[in-house]
Amino acid sequence: MTLDRFIRVKYKANEKKVEVLREILSELGLDCARTIEERVDLQFDALKNLHANLGDDELFIKLVIANSIVSYQLTAKGERWWWEFSRYFSENPPAGSIAEAYSSFLPNSMTNRRLVAGKVRRLERLEPFLDSFSLSGLRDYYFNGMERLRDELAKALGSKRSAKTIVFAVKMFGYAGRIAFGEFVPYPMVIEIPDDVRINAYTKRFTNEPPVSFWGRIGEETGIPPLHIDSILWPVLGGSAEVLRRLKEHCTKWEDVLRLANL
Ligand SMILES: Nc1nc2[nH]c(O)nc2c(=O)[nH]1
């Protein structure tokens, strides 16, 4: 528990800009977030590719959680890392331990080369938690308990519940669950935005408040859960030409998304 709960810290914000942000997000809504997730975000395609090649829902979902947990200090953009992951495990599906599979994968990775030993140790800590699930347990987390998954993942790894990799794992688990179980389940409002470099820099355009509390409040005010706000912002903030092309092709409100990115 942090002191922020007890001490009212006064942050500075550009209220006019925040009002425009709220208006655009409210106009875009959850439907737009879902379109961007499924039709624009290159990470979603990387997961669909792995799912089709593995032909094993349980292993697929566990690999996606594992990969999220080591998605930090990347040496390339996140989109490239998720495609490298997808291609590698499509060709080299782990027969046993996931941590052991990563001890072969990471040292040769082009997009995730830093802090390899620490990342493999994290996966060793995660492995008993992943081993404790069957596909039906994973299905239950997807349909009834993404918040519980966040809490239990944080406990298993000894991390804060709002830590970037923990909430990011829930985001990617949501993508994987949608692909494996064929149904859309919105993310819970209480799950925090993943505070990575892109989101952090974007938040600073509006306020000096920490991103997690700022976007938690914007989520409540606009009715869009923070993980879905992340989905609207993160791909377009990456500046990829392919993302822009897909946005214009699939999202009728693409101009509003670009207005948002340019605030
Ligand atoms: N906030 C986010 N951070 C990310 N890192 C990564 O690799 N993907 C993401 C993402 O979708 N959101």
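Residues numbered from 1 in each chain as written. Predicted model: local features only at pLDDT ≥ 70, side-chain atom pairs only at ≥ 80, totals over all residues. Heavy atoms only, no water.

- The name that an unreviewed UniProt entry assigns to the protein chain is N-glycosylase/DNA lyase, with the source organism given as Thermococcus radiotolerans.
- Under the UniProt heading Sequence similarities (unreviewed entry), the entry covering the protein chain gives this text: "Belongs to the archaeal N-glycosylase/DNA lyase (AGOG) family."
- On record in UniProt, under Catalytic activity (unreviewed entry), the comment for the protein chain is "2'-deoxyribonucleotide-(2'-deoxyribose 5'-phosphate)-2'-deoxyribonucleotide-DNA = a 3'-end 2'-deoxyribonucleotide-(2,3-dehydro-2,3-deoxyribose 5'-phosphate)-DNA + a 5'-end 5'-phospho-2'-deoxyribonucleoside-DNA + H(+)". (UniProt positions renumbered as here; feature names shortened; annotations may be inferred.)

## Remarks on unusual backbone geometry
For step 1, the next point in the chain: A positive phi angle is found at Gln73, which is not glycine, with a value near 50°.
For step 2, the next point in the chain: Residue Gln73 is classed as partly exposed on the basis of its relative accessible area, which comes to 44%.
For step 3, the next point in the chain: Despite not being glycine, Leu115 shows a phi value in the positive range, around 55°.
For step 4, the next point in the chain: With respect to the helices, strands and loops of the structure, Leu115 is situated in the loop between α5 (98-105) and α6 (116-131). (Buried < 20%, exposed > 50% of the residue type's maximum accessible area, 1.4 Å probe, protein only. Helix = DSSP H or I, 4+ residues; strand = E, 2+ residues; numbered from the N terminus.)

## Details of the domain arrangement of the protein chain
For step 1, the next point in the chain: On domain assignment, one finds that the protein chain holds domain 1 (10-40 + 189-262) and domain 2 (42-181).
For step 2, the next point in the chain: Using only C-alpha atoms to locate each centre, domain 1 and domain 2 end up separated by 24 Å.
For step 3, the next point in the chain: Listed as interface residues are 23 residues of domain 1 and, on the opposing side, 20 residues of domain 2.
For step 4, the next point in the chain: Taken together, the two surfaces of domain 1 and domain 2 that pack against each other cover about 1,700 Å², and 55% of this comes from carbon and sulfur.
For step 5, the next point in the chain: Taken together, the links from domain 1 to domain 2 amount to six salt bridges.
For step 6, the next point in the chain: Here Glu38 ties to Arg178 by a salt bridge, and the two come within 2.8 Å at their closest N and O atoms.
For step 7, the next point in the chain: Remark: the boundary between domain 1 and domain 2 carries nine residue pairs in polar contact (both at pLDDT 80 or more).
For step 8, the next point in the chain: Among the elements that take part in the side of domain 1 that touches domain 2, helix α12 (residues 226-237) stands out by supplying six residues, more than any other.
For step 9, the next point in the chain: Taken together, the residues that form the side of domain 1 that touches domain 2 break down as nine nonpolar, four polar and 10 charged. (Domains from an automatic or database assignment. Contact = heavy atoms within 4.5 Å. Buried area = accessible area lost by both parts, 1.4 Å probe. Salt bridge = Lys/Arg side-chain N within 4 Å of Asp/Glu carboxyl O. Polar contact = N/O pair within 3.5 Å; in protein donor to acceptor, adjacent residues only side chain to side chain. Nonpolar A, V, L, I, M, F, W, Y, C, P; charged D, E, K, R; others polar.)

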